[in-house]
Amino acid sequence: MSTCATDSRNLGEPMPGTAATASTWLLLEQAGPWGAKALTSSHLDPALGRDLEAAAHGTGVRVALIRRPGRHADPGLPPPVRQVYAAHTTPGNAWVHTTTTTDPGRLLDLDFAALGRGDHRTFDTALRGGPHTGDPLALVCTNGKRDRCCALLGRPLAAELAASGVRGVWEVTHLGGHRFSPTVLVLPHGYVYGRAEAHSVMEVLHGVQEGRVVVDRCRGRSAWERPAQAAELAVRRAAGEDGADALDVVLTTGGAPRWEVTVAHTDGRHWRVVVAQGASQPPRPESCGASVLGSPARMDVVAVHELAVAVAG
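Rules and cut-offs
- Residues numbered from 1 in each chain as written.
- Predicted model: local features only at pLDDT ≥ 70, side-chain atom pairs only at ≥ 80, totals over all residues.
- Heavy atoms only, no water.
- Helix = DSSP H or I, 4+ residues; strand = E, 2+ residues; numbered from the N terminus.
- Buried < 20%, exposed > 50% of the residue type's maximum accessible area, 1.4 Å probe, protein only.
- Contact = heavy atoms within 4.5 Å.
- Axes fitted to C-alpha atoms, helices over the stretch in contact; angles between N-to-C directions.
- Parallel < 35°, antiparallel > 145°, perpendicular 65-115°, else oblique.
- Left-handed = near helix turned anticlockwise from the far one by under 90°.
- Nonpolar A, V, L, I, M, F, W, Y, C, P; charged D, E, K, R; others polar.
- pLDDT = per-residue confidence, 0-100.
- 1 Å grid on protein atoms, 1.4 Å probe; cavity = no way out; pocket = protein on both sides within 12 Å on 5 of 7 lines; lining within 4 Å.
- Points joined across faces, edges and corners; volume = space filled by probe spheres on them.
- Expected span 1.5 Å × (residues − 1).

**Student:** I'd like a description of the overall build of the protein chain, backed by residues and values.
**Tutor:** Along the backbone of the protein chain there are six helices and 17 strands. Looking at the protein chain residue by residue over its 313 residues, the buried ones come to 50%. Here the contacts in the protein chain between residues at least 6 apart in sequence split such that 65% fall between residues at least 24 apart.

**Student:** I'd love a proper account of the packing of helix H4 (residues 148-163) against helix H5 (residues 198-209), names of residues and values included.
**Tutor:** Relative to each other, H4 and H5 sit at 60°, their axes nearing to 10 Å. Judged by the angle between their axes, H4 and H5 are oblique. Two packed elements cross with a definite hand, and for H4 against H5 that hand is right-handed. Only Ala198, Val201 and Met202 of H5 make contact with H4, whose side of the interface consists of Leu157, Glu160 and Leu161. Here the contact of H4 with H5 is composed, by residue class, of five nonpolar, no polar and one charged.

**Student:** Hey, could you go over the confidence of the model for the protein chain for me, with residue numbers and the actual values?
**Tutor:** Per-residue confidence for the protein chain gives a mean pLDDT of 87; residues scoring 70 or more make up 82%. Contacts from residues 1-17, a stretch scored under 50 in pLDDT, to residues over four places away or in other chains number 50 contacts.

**Student:** How would you sum up empty space enclosed by the protein? Please name residues and give values.
**Tutor:** Following the criterion strictly, the structure yields three cavities of 30 Å³ or more and no others. Of the pockets and cavities examined, the largest cavity occupies roughly 80 Å³. As for the largest cavity, its lining consists of Val184, Val186, Tyr193, Gly194, Ala196, Ser200, Val201, Glu203, Val204, Val214, Asp216 and Arg217. Those elements that place two or more of their residues in the lining of the largest cavity are strand S9 (184-187) and H5.

**Student:** Tell me about helix H6 (residues 226-239), and name the residues and values.
**Tutor:** Helix length check: H6, at 14 residues, gives a terminal C-alpha distance of 20 Å against a target of 20 Å (1.5 Å per residue), a fit within 8%. Of all 14 residues in H6, ten are buried; the element is thus mostly enclosed. For H6, the elements touching its buried residues are strand S10 (191-193), strand S11 (218-221), strand S12 (247-255), strand S13 (258-265), strand S14 (270-279) and strand S17 (297-307). Following H6 by one or two positions, Gly240 has its phi on the positive side, about 65°.

Given below as structure tokens:
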């Protein structure tokens, strides 16, 4: 039974695309240039890159490369010590662990299936890692070889954040949704933001430190697939909820072009959200370098219904 229904026109701008999806991120520092497929087209050993892709496949782990903002000279030599992060992004179990390594091949010692389930013990044991105690991480997509939007818009943003004293800022390989560049992944909770500006990113990071989610320019939590990302944000807008771990997606039914997503609150409330796949109109370039107009798929929230709570007795 529905106790309230909210038309999508009252929920703010509907989700026009998708954010990156992964329940767990494995981030490896790799300086220098990145190719379009960075794990196999950078100064990282391409055989290792292929092995990491294979190990992560189907586990919920997404492997990405990171580097510090700034000029990226091409010394042709690997960094002597690399920073490594693992971050799990599901509600109630969001964490970031970190370590350093001189041998990136040691990442293959990880139990990727366990890491994808949110078990950080494999990271701590195999790589001698531990909890990240610093500021939240702001990962700005700057992979210009994948799409030049990311270099033209992302690199200046990363540089501005670093110059402003924002700690925890890194450049990262492809996040997806480059037509919304610059895009930023914020950890530990894993929300992705599009068309980001320095002041908005700093507001997001301040919110993370207080356990809050800033919904403005947010494109969804990376732990979920596209319909669930749109549904959870719609409930946040409808309920005025900004607690980072207050909401969880407990069920998604249906399939393209229409889904029903059940979103649960930690206080016991539930919502059923109807999400439909549409096409962005009018046609537009899908990236900075595209000359052909397209109509990329978008997730439109059709309705949000708060479900009645059964009363015992």
